[in-house]
Amino acid sequence: MAVRINQSKCDQCGHAKEPICVYICPGNLFYSGTKAPVQMRDARECWDCAACVKSCPKEAIEMFLPVQMGGKGAVVTARTKGQKVHWKCNWPNGKIEHFNILVKK
């Protein structure tokens, strides 16, 4: 899997001192850039943990699913609200599905 930052949605978490994705990434792959609000160092180093996807308040980080999980071109975004993570999957055929998963804290 791979992640991509949708620069048109990213606002650096309201111009916070440190955007959430920069703080939460266990691989230290995100940084505040000068050319774009937030950039990724090397997508090949991504662990596919989806911590950045789930924590982004603007749904600006998208994760591509491999063929085995969703087919070529499938993309998911997520938003955490309380104890639920709302996942949105955009399938290659244009179909959009929504899933809510309870997160135990």
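Structure first, text after, so check above.
On a predicted model such as this, the values are computed, not experimentally measured, just so you know.

**Things to note about the overall build of the chain**
Consideration 1: Assigned secondary structure in the chain consists of three helices and seven strands.
Consideration 2: Counted from the first residue to the last, the chain has its helices and strands arranged as β-α-α-β-β-α-β-β-β-β.
Consideration 3: Seen through its C-alpha atoms, the chain measures out along the principal axes to roughly 35 × 30 × 25 Å.
Consideration 4: Burial status across the chain gives 35% buried among its 105 residues.
Consideration 5: Long-range pairs, those at least 24 residues apart, make up 35% of the contacts in the chain with a sequence separation of at least 6.
Consideration 6: Surface exposure of the chain reaches about 6800 Å², of which carbon and sulfur atoms provide 54%.
Consideration 7: Seen as two clouds, the 16 positive and the 8 negative side-chain charges of the chain have centres 5 Å apart.

**Quick word on the side chain of glutamate 59**
Consideration 1: Mapping glutamate 59 onto the fold places it in the loop between helix 3 (51-55) and strand 4 (61-64).
Consideration 2: By relative accessible area, glutamate 59 is classed as buried at 16%.
Consideration 3: Reaching out from glutamate 59, the side chain makes a polar contact with the side chain of arginine 79 at a distance of 3.3 Å.
Consideration 4: Apart from the residues within four sequence positions on either side, glutamate 59 is in contact with Lys9, Thr77, Ala78 and Arg79.

**Description of the nonpolar core**
Consideration 1: Ranked by size, the top nonpolar core spans 25 residues in total, and within it Val3, Phe30, Val53 and Ile61 carry the most contacts.
Consideration 2: Sorting the residues of this core by element identifies strand 1 (2-5), helix 2 (20-24), strand 3 (38-40), helix 3, strand 4, strand 5 (75-81) and strand 6 (84-90) as the ones contributing at least two each.
Consideration 3: Broken down by element, the residue count for this core peaks at three residues, all from strand 6.
Consideration 4: Ignoring sequence-local partners within four residues, the contact set of isoleucine 61 consists of Val3, Arg4, Ile5, Cys21, Phe30, Cys52, Val53, Cys56, Val76 and Thr77.

**Quick look at the sheet that holds strand 7 (residues 96-102)**
Consideration 1: The five strands are arranged 1-4-5-6-7 in an open sheet whose pairing can be described as antiparallel. Two strands bound the open sheet, and with one partner strand each, they are strand 1 and strand 7. For this sheet, the mean angle separating the axes of adjacent strands, direction not counted, is 30°.
Consideration 2: As defined by bridge partners, strand 5 adjoins strand 6 across seven bridges and the pair is classed as antiparallel.

Conventions we followed
Residues numbered from 1 in each chain as written. Predicted model: local features only at pLDDT ≥ 70, side-chain atom pairs only at ≥ 80, totals over all residues. Heavy atoms only, no water. Helix = DSSP H or I, 4+ residues; strand = E, 2+ residues; numbered from the N terminus. Buried < 20%, exposed > 50% of the residue type's maximum accessible area, 1.4 Å probe, protein only. Contact = heavy atoms within 4.5 Å. Areas by Shrake-Rupley, 256 points an atom, 1.4 Å probe, with all protein chains shown as cover. Lys, Arg positive; Asp, Glu negative; His and termini not counted. Charge placed at Lys NZ, Arg CZ, Asp CG, Glu CD. Polar contact = N/O pair within 3.5 Å; in protein donor to acceptor, adjacent residues only side chain to side chain. Core = buried A, V, L, I, M, F, W, Y, C linked by side-chain atoms within 4.5 Å. Pairing = 2+ DSSP bridges. Axes fitted to C-alpha atoms, helices over the stretch in contact; angles between N-to-C directions.

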